[in-house]
Amino acid sequence: MFRFLNLTLNGLTNGMIYAAVALALVMIWRATRIVNFAQGGMLMFTTFIAWDLAQVHHANYWVALVVAVVAGILIGGVAERVLVRPVENGPPLNAVIVTLGLLIFLQALAGMIWGNSQAHSYPPAFRFIGYKVGDRTLRFSPNDLFIVLSVLVVVIALYVLFQRTSLGLQMRATAFNPEVAGLLGVRVGRLLTLGWALAAGLGALVGVLVAGTSSGYVTPVGPFDALLIYGFTAAVIGGLDSPGGAVVGGVVLGLILSYADSYISNFIQTMYALVVLIAVLMIRPKGIFSRTSERRV
Amino acid sequence: MLTVEDVVTTYGAVRALDGVSMTVEPSTITAVLGANGAGKTTLLRTVNGLVRPRAGRISYEGRDLLRTHVDEVVRMGIAHVPEGRGVITELTVDENLRLGALWRRNRTELQQSLAEMYELFPPLAERRNKPADTLSGGERQMLAIARALMSRPRLLLLDEPSLGLAPRITAQIMGTLRRLRDEQSLTVVLVEQNARSALSVSDQAIVLNLGRVVVSGPAVELAADEKLRHAYLGF
Amino acid sequence: MKRMHVRVALGAVGVLLATAACGGSSSGGGGGGGGSGGASAPGVTSDSVTIGSTQPLTGPAAPGYSEIAPASDAYFKYINSQGGINGRKIIYKYVDDGYNPTQTVAQTRKLITQDKVFGIFNALGTPTHEKVVDFLNQQKVPDLFVASGCLCWDNVSAHPYTFGWQVDYTVEGKILGKYIAQKFAGKKIAYFYQNDDFGQDGVKGLDMEIPKNMVVSRQAYDVTNTDVSDQVSKLQASHADVVVSFSVPAFTALLKLNMLKVNYNPQLAVSNVGSDPITLSGLLEAFAKQAKATVNGGDLIQGIITDGYLSSPADPSNSWIQLFQKIHDQYIPKLPFDGNVEYGMAAAYTFAQALAAAGDNPTRDSLVKAVESGLPQGPGLVPFRFSADSHAGFTGAQVGVIKGTAIKLLGSPQTTDDGGGAVQDFSGTQPQAPSNGIPSSG
Amino acid sequence: MADELESPAGALIAPTSASSTDRFGVLSRSTLLRHTLAALVGFGVLWLLITSFSDYRNSSWIAPIAFTVCAAAGLTVLVGLSGQISLGHGAFMLVGAYTLALVQEHWTTSHGNLAMIGLLAAAAAGAALFGALVGVAAARLRGPYLAGATLALALGLPTLPSYEKLSGKLGGNAGLFVSSPNPPNGMDLYRWQSVICCASAVVVLWVLANVSRSRVGRSFRAVRDDEIAASLCGLSVPRVQVLAFVLSAAGAGVAGGLLAMIDLTAGPQAFPLSLSFGLLAAVVFGGLGSLAGAIYGSILITLLPLWSQDITDALSVHSHKVSSNMPLMVYGIVLTVAMLAVPNGIQGLLRSLRLTLAPGRRR
């Protein structure tokens, strides 16, 4: 029972991280109908910026976090304007290749600046030693709680933005039907840029949060890539078009991976993601929460 | 109010509009008639800036429309209801309507406009929080017109509102247009293939064929011209 | 339309011809270079010897290990500044394989075919080097002092050109195992190990000395999955008092971190390759502040039991440490002076010994013969096992404990074999480093 | 290439005319003949190249380009002709490599050339079988969902050999050993490996060229252009889609088998996600749906990192951080800029050049 509780809490924490990455991917997907494969690279890069501030220049944790998020917003906006805009209406695969190119570029740039060989650990925001229950210690710490709550707050904020504000309404209109939105006076181009910027800002937050959960996490190529894949899987499970679905998909995936890791085998984590994904898609080929039809790759 | 002079619009080698001129007076309904491919939709798209013409002038209340950006056109009081209705089916009725009044910041005015629209189109009021894809064809057309009206336009550009609708619904919509002209001094440019119903509400009309104006004049006269009806209007 | 496919084929051929045209000339030049020096072997000219290596400069094994090759290179540069070995400078070309066996294969092939190195030196990693050892022996390329303690390097009949260097993991397991079985008699013991020949060889040694009934849990990890929280939970659930770990430094740090998280504090024992204190404290530094009262990463690893076959880098009275520290300060001052740097320099010293012994005109075979005829002890705490029958390196190790940022050695060095032989105290002493820091030839 | 310019209507009408020509055989046999001739000429030229190249160029250029071509050609048939997508083609290469290693380990003792052809055929068959399995699932999926599923496949499958219950048979993370092919007398190993790879590439191209010109190829295009219209014309859309996966996977399987044969190992880490992405980049960069494009793309993605490494070495950049990341950076920049500058790939560029230079020959 104690083991099950631990696995559930562990799965929940990881799941919230996957959910946030999934949400960032869904925001970009809704805005531009592009799967942003550079998401992992972008959040790796912003996490390095935070690392440089916090560990090299001894900046305050929160200052580094804010700088990372701002950097993410800038990188996302610039990427959309400079790289994605020209291929947005071209063949869909070209957009895929462009985001892959950006991913590779960011990995190389991070390697050039910070090096590939050192181990970069990032501090957690709060105590990472688990809560005590009687004489036993949970695999769930104040820092994990902070991760879960941060993502929850962001999810709620995004929900309010999308559902309750005029800006959010315009973003959704642009996502669903940019041409009609334009006819109604929505400045479509700006909102696409904004969509990318917000998604990248969210990614930057995730990067800093997750970096504090494991030693040696911050490297140009590595754990952040896996994050993208789990986030993508979660987004597809949820239905790609649905922010709520992304969150549910993330948590479901986190829990399944946590249980399977312990009860089956620790060596085939990504295999579980594959099995879950295929199982979901065989039952619902467009994810669990998708209502709309997709337009293109 | 709206003046179109010698406008030429081309798609590649095709001249979709070939020297079209027309004048629209305030508080009137102008029907633009003609067969498929005559250039009717292109005329509307050229007027609101979605397509840039190759030559000619378009002015609205004395201002040059050719130098104006699409979203600025909306702010100047010109609303466009595109062909195929263009409601965003994923959004609710209410959200679609709100999109029509984006640039208006005043909340009470917004609420007032919403109330007016639900009064004008009662079927929409019943479904205000349903996604638009649950609406019938006629209801979608109503929603599209209502959304255009949300911006309090003085000029409404309507593209084929009767397409695919039952005659009874078409008649309802035409009736509403007449009411808006009479009660709110709305000016309407109505592109239609269904010439009979369009002429029944219009003050004046032009007939396009292969990008040129073949006839223009008061709607009553056109409706009475037997030859014209046979040659271009099909009734 | 019919013409299309012919055109496809011709187009493709054209492109290939174009690449051939621009490639052909330089390949001819490269091929000629080897023979023109009048030297005896590939990679050897009248004034230089070029050797190559594959190293994990990136990836899961990079923390710590990425310092080894620069340290070896620093030692070679030092030798070169003193005139080289037998008048030849040593050019050390080490390339990154990311601890990825596929990369190792491609990079090794490139070193042999393009760079035409004389031999491979100190290529790092068990799973990586296993993939090229057959190939190197097929090509009759000396494969000296593999940076891995796998038993597999000592196979004279199958791999006559391959030699180990460090103590093998089974011998290490036996020495650690004997110490633990005695010191913690009656306690519960658990293993944490890398799921490949490295970890399995180590566990084999442990099992020879630790009675089976003392071992309550065996948890393996895979280098591609950095989430080891579940293994740690299972170790904790087994209530083991001692956890013995055969892991690379990154995973030793992950093990420690996850133990801290669930407040599980058994005695840790970590094999030599995973226990460098400076590397570990660097990995754990960021977490120290949030881990209760401790203030730096080093505090989190105090008291870990480990073993070594070289002197502690924190022992300034040792002549080898003085030599290596001097070279470090001159050539690679930016790197920490830790066990990895010492390892790289010590291995490079052994290579210089072998090259010096290989004669004035070294050939690939004369180098192999030189090592097989035995090398003097050098910087190790114990002698080498090299002979015509054995290609294994150090014969043993000495148990120690992490104290501060150094390993404090306990008792005396011990030697054993990787079979059923007993673990015995080694009574010899470590020789002094030569005053000029260069092994004498012959 | 010209094929993809065919209108949907043309593609739909074509099957009937093809079946009639099949019956008389004149045209289709001459297509076969032409492809065979081109293949023979191509291989002859490659032979000349291989024998004049150094060991390094054979082992680092020719052989990798040749096996990449096998996989990329398969992928371009899938993506360009049948309109499906695979972000995880490396998974099929992995299946090919392991099939070859397992067959060699359990069923052959001979290292002769016949055995080798058999092994490569087994690699193709193993991958094709797996492709059928994936194809059945894929036929239900569209667009990003198919992309996501194949991506997860490329990521998940390489972990399977580590699974405790399989690691004994599949060699865990380290993989399986593959013994090297025996070169005929007087030829060294690298040349021989290049010969094998090139011969395989020529055979794969020959097969795919013929298939894509046949009724099967036309049914691929029909399904790609309009699934509903294709099914109205009596094509079973799922069956066609599965078939495309099978064919494409077989090409990748051969590539995987060749890779294993060159590396003397079949290991999971030989098939990272970057391999799958590289294949896709090759296909898009070369020009979707074109076999010639697959060749250009393969050359690019193989040589680009090598060349940028050489250039970096020649510039003798002192910072190791900068020099070691330079090839990666060049790769990323070239990919991005190429997609922005030449959105239709090299083949598209050549086509528009041809149209500009010789407008009279427009079809």
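A brief look at the structure comes next. (Residues numbered from 1 in each chain as written. Chains lettered and ligands numbered in written order. Predicted model: local features only at pLDDT ≥ 70, side-chain atom pairs only at ≥ 80, totals over all residues. Heavy atoms only, no water.)

### Structural notes on the interface of chain A and chain D
Part 1 of the reasoning: Every contact between the two is made by 50 residues of chain A and, on the other side, 46 residues of chain D.
Part 2 of the reasoning: With both chains or domains summed, chain A and chain D bury close to 4,100 Å², and 80% of this area falls on carbon and sulfur atoms.
Part 3 of the reasoning: Looking at the side of chain A facing chain D, the largest losses of area belong to A:Leu93, A:Ile97 and A:Met112, adding up to 16% of the total buried there.
Part 4 of the reasoning: Applying the counting rule to chain A against chain D returns 0 salt bridges.
Part 5 of the reasoning: One can count 8 residue pairs in polar contact (both at pLDDT 80 or more) joining chain A with chain D.
Part 6 of the reasoning: Sorting the residues of the side of chain A that touches chain D by element identifies helix 3 (61–84), helix 4 (92–114), helix 9 (223–238) and helix 11 (269–283) of chain A as the ones contributing at least two each.
Part 7 of the reasoning: Broken down by element, the residue count for the side of chain A that touches chain D peaks at 17 residues, all from helix 4 of chain A.
Part 8 of the reasoning: Looking at the side of chain A that touches chain D residue by residue, the classes come out as 36 nonpolar, 11 polar and 3 charged. (Contact = heavy atoms within 4.5 Å. Buried area = accessible area lost by both parts, 1.4 Å probe. Salt bridge = Lys/Arg side-chain N within 4 Å of Asp/Glu carboxyl O. Polar contact = N/O pair within 3.5 Å; in protein donor to acceptor, adjacent residues only side chain to side chain. Helix = DSSP H or I, 4+ residues; strand = E, 2+ residues; numbered from the N terminus. Nonpolar A, V, L, I, M, F, W, Y, C, P; charged D, E, K, R; others polar.)

### Observations regarding the interface of chain C and chain A
Part 1 of the reasoning: Contacts between chain C and chain A engage 31 residues on the former and 35 residues on the latter.
Part 2 of the reasoning: When chain C packs against chain A, close to 2,700 Å² is buried across both sides, 53% of that on carbon and sulfur atoms.
Part 3 of the reasoning: Among the residues chain C hides against chain A, the three largest losses belong to C:Lys261, C:Phe287 and C:Gln290. Together they make up 26% of the total.
Part 4 of the reasoning: Where chain C touches chain A, the interface holds 1 salt bridge.

### Topic: helix 7 (residues 167–184) of chain B
All names here are of chain B.
Part 1 of the reasoning: Across its 18 residues, helix 7 extends 25 Å between first and last C-alpha, which sits within 8% of the 26 Å expected from 1.5 Å per residue.
Part 2 of the reasoning: What helix 7 keeps buried is the set Ile169, Thr170, Ile173, Met174, Thr176, Leu177, Leu180 and Arg181. With its buried residues spanning 155° around the axis, helix 7 presents them on a single face. Residues of helix 7 that are exposed and point more than 90 degrees away from the buried face comprise Pro167, Arg168, Ala171, Asp182 and Glu183.
Part 3 of the reasoning: Tucked into the core, helix 7 has its buried residues touching strand 3 (29–34), helix 4 (107–120), helix 6 (137–150), strand 7 (155–159), strand 8 (187–191) and helix 8 (195–201).
Part 4 of the reasoning: Positive phi appears at Ser185, one or two residues downstream of helix 7, with a value of about 55°. (Expected span 1.5 Å × (residues − 1). Buried < 20%, exposed > 50% of the residue type's maximum accessible area, 1.4 Å probe, protein only. Arc of directions from axis to C-beta.)

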